[in-house]
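# Chains, contacts and geometry: an overview
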Amino acid sequence: MSKKINNKGLIERVRGMHDVMSNEYLIRKKIIEKAENIASFYGFEPIQTPHLERAELFTSAIGESTDIIEKEMYKLKTKGGDNLVLRPEGTAPIVRAYIEHGMQTKPQPVMLYYHGSFFRHERPQRGRSREFQQFGLEILGEENSIVDAIIIKTLLTILEEAVGIKPISVHINSIGDKECRKVYQKELTTYYKRKTNDLCKDCQYRLKSNPLRLLDCKNKECDEIKQGAPQIINYLCPGCTNHFKELLEILDASEVSYFLDQYLVRGLDYYSRTAFEFFLEENPDEEKMSLELGGGGRYDSLAHILGNKNIPGVGGAIGVDRAIKILSEKKKLSVQTKTPEVFFIQLGSNAKYKSLFLLDILRKAKIPIKHSLSRNSLKSQLKIASKLGASYVLILGQKETTDNTIIIRNMETTSQEIVPISKLVDRLKKKLK
Ligand code: AMP
């Protein structure tokens, strides 16, 4: 028996993937709707890119020595020999789309928002799955730090108001540009090389492959070493220093508080200058480690890597599933769904046949109803109606079907009136007022 079939003979869902249902589906939908409204207010427009992209899009953009490229991409080869991947992140596809659709000719900057599934073959654990939803923003064609501030402020507002989690702590850093980062990386490598034997296995590898990521290590043994490491802020060139200084001044003036996090480097190769992440400000007594709710940064060289163009850009994304997970750990989640006040009952085969015709009249009149069309007896249908708390019940029996009428029954008073089908919508609307 294949491993994908469990001991009850059922074919199970793929590990790390989830079915989204009932309350969670509605919560997610609401969050996305609110996030879209907030993003539109700030001037972002929607974009949807495909789930499948060419592998080179990510391998050239993200960097070979990153977890995503080394081990997390879902790859497939088509019959025609194309190497495709399920998108692991949203920025590279959007920069591709910007170049491919000639968005340079539009008024700049171009501000885009997106949401949807992303795929990474990571070890499933709390707040980490293999298919996850992100809501993201990108601003292309502008270098000024005001747009970095717009991204941070908009994502923060989405977390606080659309998701409803507070207080959020904004961690921020500048990782310089290609030139000043080169100098810093050299210093960092020299510092860490002297401590190689004391580093964890991962960091020994990072030292060779991607030294900036040494600062990402959460391992206790490496923490002490990290404390003494050179700080990137001291190596920024005047251009990067001014860009960062201006961003912080804008955030101050916007009353966005932040935490200067010298260890925040973000793993992907395409980032430059601004890097930021959002965390829930946890109660220090709580045991659970604070999960990153979102993050992003500036990527001024990405368009050059992908299309030989000089297009500055900045963006970020929040993890919708993770935000919902945290929300559900903090408080009970529910979306208030309105129970329709009207329940439709049909009795006899002629009435059943006419049911869909009748429901259509009510749908077009925007009168929400519930029904149980597969049932036959009055008793069982009335029982469901009262369980749902319906105020009115519509009863279509054999006689009413022949007469083209219907019974409206008030569930509280049990009084009933017979109305012609042609008057049903008017009568119901008056009663429902
Ligand atoms: P990243 O694209 O890695 O910057 O991630 C942005 C946000 O997406 C993170 O802050 C998380 O909230 C969320 N995220 C990233 N990876 C996963 C995952 N494997 N499962 C759930 N959420 C994720």
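Everything quoted here is computed from the prediction, not taken from an experiment. (Residues numbered from 1 in each chain as written. Predicted model: local features only at pLDDT ≥ 70, side-chain atom pairs only at ≥ 80, totals over all residues. Heavy atoms only, no water.)

So, about the overall build of the chain. Helices and strands together make up the secondary structure of the chain, namely 15 helices and 16 strands. For the chain, the C-alpha radius of gyration of 28 Å lies well beyond 22 Å, the compact-globule estimate for 433 residues. The C-alpha extent of the chain, read off along each of the three principal axes, is 90 × 55 × 55 Å. Counting across all 433 residues of the chain, residues that qualify as buried make up 48%. Look at the contacts in the chain between residues 6 or more apart in sequence, and 69% of them connect residues 24 or more apart. Working note: accessible area of the chain is about 23,500 Å², and carbon and sulfur atoms make up 50% of it. Of the charged side chains in the chain, 68 are positive and 55 negative; the average position of the first set lies 9 Å away from that of the second. (Helix = DSSP H or I, 4+ residues; strand = E, 2+ residues; numbered from the N terminus. Rg over C-alpha atoms; globule rule 2.2 N^0.38 Å. Buried < 20%, exposed > 50% of the residue type's maximum accessible area, 1.4 Å probe, protein only. Contact = heavy atoms within 4.5 Å. Areas by Shrake-Rupley, 256 points an atom, 1.4 Å probe, with all protein chains shown as cover. Lys, Arg positive; Asp, Glu negative; His and termini not counted. Charge placed at Lys NZ, Arg CZ, Asp CG, Glu CD.)

So, about unusual backbone geometry. Across the chain, the bulk of peptide bonds are trans and the bulk of non-glycine residues have phi less than zero. Q108 connects to P109 through a cis peptide bond whose omega is 0°. Summarising the element assignment, P109 is placed in the loop between α4 (91-100) and β5 (110-119). With an omega of -15°, the peptide bond between K166 and P167 qualifies as cis. You can see P167 is positioned in the loop between α5 (145-163) and β7 (168-174). A positive phi angle, close to 60°, is found at E255, a residue other than glycine. As for its placement among the helices and strands, E255 is situated in the loop between α9 (238-253) and β8 (258-260).

Bringing the domain arrangement of the chain into the picture now. The domains assigned to the chain are domain 1 (22-177 + 237-330) and domain 2 (342-432). A C-alpha centroid distance of 50 Å is found between domain 1 and domain 2. (Domains from an automatic or database assignment.)

Attention shifts here to the side chain of S272. Within the fold, S272 resides in strand β9 (residues 272-280). In this structure S272 touches I175, G176, D177, R181, R298, Y299 and D300, once residues within four positions along its chain are discounted.

End to end, helix α1 (residues 22-41) covers 29 Å across 20 residues, agreeing with the expected 28 Å (1.5 Å per residue, within 8%). The complete set of buried residues in α1 reads I27, R28, I31, I32, A35, I38 and A39. Along the axis of α1, the buried residues cluster in a sector spanning 135°; they form a single face. For α1, the exposed residues lying more than 90 degrees away from the buried face are S22, N37 and F41. Each element contacted by the buried residues of α1 is listed here: β5, β6 (131-140), α5 and α11 (320-330). Immediately beyond the C-terminal end of α1, within one or two residues, lies G43, with a positive phi of roughly 105°. (Expected span 1.5 Å × (residues − 1). Arc of directions from axis to C-beta.)

Taken in spatial order, the five strands make up an open sheet running β13-β12-β14-β15-β16, and their pairing is mixed. If you trace the sheet from one side to the other, it starts and ends with β13 (369-371) and β16 (416-420), each paired once. Neighbour-to-neighbour, the strand axes of the sheet open up by a mean angle of 30°, direction not taken into account. Sheet topology note: the strand β12 (residues 342-346)/β13 ladder contains three bridges and is parallel. Pairing of F343 across the sheet is with K370, part of β13. Lying over the sheet, helix α13 (residues 378-388) contacts β12, β13, β14 (392-396) and β15 (405-410), oriented at roughly 175° with respect to β12. (Pairing = 2+ DSSP bridges. Axes fitted to C-alpha atoms, helices over the stretch in contact; angles between N-to-C directions.)

Here we take up the environment of Y184. One can find Y184 in helix α6 (residues 178-193). For Y184, a relative accessible area of 0% corresponds to the buried category. For the pair Y184 and Y235, spaced 51 residues apart in sequence, the C-alpha to C-alpha distance is 5.9 Å. Ignoring any residue separated from it by four or fewer positions in sequence, one finds Y184 in contact with L212, L215, P230, Q231, I232 and Y235.

On to the site of the ligand, then. Taken together, the neighbourhood of the ligand is formed by 14 residues, with R120, E122, S129, R266 and E292 sitting nearest. At a separation of 3.2 Å, an oxygen atom of the ligand approaches a polar backbone atom of L293. In the complex, 90% of the free accessible area of the ligand, which totals 480 Å², lies under the protein chains. Contributions of two or more residues to the shell around the ligand are made by β6, β10 (292-298) and β11 (313-319). (Near = heavy atom within 4 Å. Polar contact = N/O pair within 3.5 Å; in protein donor to acceptor, adjacent residues only side chain to side chain.)

Attention shifts here to α5. If you check α5, its first and last C-alpha atoms are 26 Å apart, about what 19 residues at 1.5 Å a residue would give, namely 27 Å. In terms of burial, α5 is largely enclosed, as 14 of its 19 residues are buried. For α5, the side-chain oxygen to backbone nitrogen distance between the N-cap and I146 is 2.9 Å, and the N-cap itself is N144.

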